[in-house]
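# Structural description and commentary
The primary structure of each chain is shown beneath.
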Amino acid sequence: MTTILPPGVTQETFDAVLQAFRNIVGEEGVLISEDALKPHRDPYAFAADDAFIPSAAVLPDSVEQIRAILRVANQYTVPLWVVSQGRNLGYGGGAPRVSGSVVVSLKRMKRIIEVNEECAYAVVEPGVTFMDLYAHLQAGGHKLVASVPDIGWGSVIGNALEYGRGYTLHGDHAASHCGMEVVLPTGDLIRTGMGAMSNSKSWHVYPHSFGPSVDGLFMQSNFGIVTKMGVSLMPTPECYMSVTLSVKRDADLEPLIDIVRKLQLNRVIENYPVLANAVTLAASFSTRDQWYQGDGPLPEEVIEKISRQPGLGPWNMRFALYGSEAVVDVQFAAAKAALSRIPDIHIEGRKYGGDTPHDKILPMDQCQLGIPSLDILEAVKWRGEAGGHIGVSPVAPLIGREVRQQCDLLGSIMRQHGFDYVGGILITPRSTLQIFEFTFDTLNESQVRAAQQGCKALLEAASKAGYGEYRSHLEHMDAVARTYDFNDCASMRLNMLLKDALDPKGILSPGKQGIWPRAMRDQ
Ligand code: ADP
């Protein structure tokens, strides 16, 4: 028995829908019990909240089953919500935007279809996690590295479609994909790029084709279900150096950013560095009450105390160098010379040979070499065992004064709402993507509500200041979409035009990224 029905669907019709799904995927491929549906609730919601609840989940294991599920959903006008692994923590997890949606979980589609050693890529299905891909590359003795995000249990495809990030040369996961297979909401099947040619030899080695590039339409959208994707890999480097650094003064942030920009633009640093303040790092090895037992954000003197811990500073950064040992040595010398213009900066480089067994690589250095882990989940327990977080993630130019302004403005909003300023600044050659993590105890209702309010306030302030969000929690998707307002929200008008054309019944992930089908727009 389900506790909630899809909007506008009677119990009788829903029973027929579930039976049709069972006929497609088998009895065990349709989940309706509260327990079985737990992974499709927001793991960090307050328990009594009843937003974003699925009516059922259906688990196809082939493209043909997905197409059959879409036929049923179109016939009965039942909203679906697609997830690959549903680990989208901090943004709603595996929960649907519209309560009553049937979650289509692709976790059974777990094939690693190809690993191409010569051209350094893999082709995966949506159920393949970063851990699966890593294990497969290791077991096959491949000299290839897949970029991994901080938490390794998510889907390679799901993460790339959400513009997720890692830290190797291929750390921009959306940009590092090459060639997709997609089922459109009406059930049609397409392949993007060179894959549009049925006998193409170049589907996963050349990203464009003849005519418009449409891959981007299937990222952070509700225009299709991605069933295969090519993923670029990095050849295992002869030498890898993990570099960590910390500066002694808060004011060093600006010169640090400006120096790193030049190092990135000149390709001395080619990976994707990450920058974090002291409190953020403290959350990865301690809990808040070890430093302070009071309410409200950590007082300045406690933050200073944390910053003075061995190996920490008010700002701390990590980046990687890869190549032959000679190249890595030259790059490290060049980076060190440039960064040493900041007085008292502490820089440390740890060098590993490409054949170093992975258990001999320090845990803090593993992620940049594509070794997945779950360690960072500990940071969520900053304010209690049942910890949760919501991320607000605005983008800014990689310019010292801009980053300073963003940190001051948005960090102070976090503190005004009673939160410690924790998160991480992901760096690309020209931009920063700063994740402000509202971390709370999910059992403490007032903390959960404060986080929701704080997120709203931060989003408002960020958009006023010209910082767009790169991703958002289900709850904030409409608000964020409205901030993309150029020419009277012309980009949303285009999205709606596409939605109506591609998904006339409006069944696929309604409301995702604020894109609503015609029938739900007025609500
Ligand atoms: P992960 O497990 O990597 O965190 P999810 O499976 O939770 O990723 O996916 C994150 C979001 O990306 C989903 O909520 C969904 O909107 C979208 N998504 C995931 N997989 C697909 C897919 N195969 N096709 C289309 N959209 C997808």
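Residues numbered from 1 in each chain as written. Predicted model: local features only at pLDDT ≥ 70, side-chain atom pairs only at ≥ 80, totals over all residues. Heavy atoms only, no water.

Within the largest apolar cluster, 56 residues are counted, with the highest numbers of intra-cluster contacts made by Leu256, Leu275, Phe319 and Leu339. No fewer than three residues from each of domain 1 (1–108 + 484–523) and domain 3 (239–476) sit in this core. Beyond its immediate chain neighbours, meaning those up to four positions away, Leu275 contacts Leu253, Leu256, Ile257, Trp315, Asn316, Met317, Gly424, Ile425 and Ile427. Counting 38 residues, the second largest nonpolar core, distinct from the first, contains Ala122, Phe218, Val231 and Leu433. (Core = buried A, V, L, I, M, F, W, Y, C linked by side-chain atoms within 4.5 Å. Buried < 20%, exposed > 50% of the residue type's maximum accessible area, 1.4 Å probe, protein only. Domains from an automatic or database assignment. Contact = heavy atoms within 4.5 Å.)

Two faces make up the sheet, and in a regular strand the side chains alternate between them. Across four bridges, strand 5 (residues 112–116) lies against strand 6 (residues 121–124) in antiparallel orientation. In the sheet register, Asn116 faces strand 6, and the bridge partner there is Tyr121. Following strand 5, the chain reverses through four residues before pairing antiparallel with strand 6; Ala120 in that reversal takes a positive phi of roughly 60 degrees. (Pairing = 2+ DSSP bridges. Helix = DSSP H or I, 4+ residues; strand = E, 2+ residues; numbered from the N terminus.)

Using the criterion set out here, one finds zero disulfides in the structure. Cysteine Cys239 remains unbridged, with the sulfur of Cys367 as its closest cysteine sulfur at 18 Å. There is no disulfide at Cys455, and the cysteine sulfur nearest it, in Cys407, is 17 Å away. Residue classification places Cys455 among the buried positions, given a relative accessible area of 0%. (Disulfide = S-S within 2.5 Å.)

Turning our eyes to something else, we now look at the site of the ligand. The local shell around the ligand holds 20 residues, among which Ser84, Gly86, Ser155, Val226 and Lys512 are the closest. Gln85 places a main-chain nitrogen or oxygen 2.9 Å from an oxygen atom of the ligand. Within the contact set of the ligand, an oxygen atom lies 2.9 Å away from a backbone nitrogen or oxygen of Gly86. Coverage of the ligand by the protein chains reaches 96% of its 550 Å² of free accessible surface. Among the elements of the structure, strand 3 (80–83), helix 5 (156–161) and strand 10 (225–232) are those that each provide at least two residues to the shell around the ligand. Tallied by class, residues from the shell around the ligand come to eight nonpolar, nine polar and three charged. (Near = heavy atom within 4 Å. Polar contact = N/O pair within 3.5 Å; in protein donor to acceptor, adjacent residues only side chain to side chain. Areas by Shrake-Rupley, 256 points an atom, 1.4 Å probe, with all protein chains shown as cover. Nonpolar A, V, L, I, M, F, W, Y, C, P; charged D, E, K, R; others polar.)

For the rest of this paragraph, the subject is the sheet that holds strand 2 (residues 56–58). One open sheet holds the four strands; their spatial order is 1-2-4-3, and the pairing between them is mixed. At either end of the open sheet lies a strand with only one pairing partner, and these are strand 1 (30–31) and strand 3. Where strand 1 lies against strand 2, two bridges are found, and the strand directions are antiparallel. Residue pairing across strands places Val30 opposite Val58, the latter belonging to strand 2.

Turning next to the domain arrangement of the protein chain. For an interface, size is often stated in terms of accessible area lost upon the parts coming together. For the protein chain, the assigned domains read domain 1 (1–108 + 484–523), domain 2 (112–235) and domain 3 (239–476). Taking the mean C-alpha position of each, domain 2 and domain 3 sit 27 Å from one another. Every contact between the two is made by 25 residues of domain 2 and, on the other side, 22 residues of domain 3. Of the roughly 2100 Å² buried where domain 2 meets domain 3, counting both sides, 68% is carbon and sulfur surface. (Buried area = accessible area lost by both parts, 1.4 Å probe.)

This part covers the pairing of strand 10. Counting buried residues in strand 10 gives seven out of eight residues, a clear majority hidden from the surface. Bridge count between strand 6 and strand 10: four bridges; the pairing is antiparallel. By the bridge assignment, Val124 is partnered in strand 10 with Met229. Across five bridges, strand 8 (residues 177–183) lies against strand 10 in antiparallel orientation. Each bridged residue has a counterpart across the sheet, and for Glu181 the counterpart in strand 10 is Lys228.

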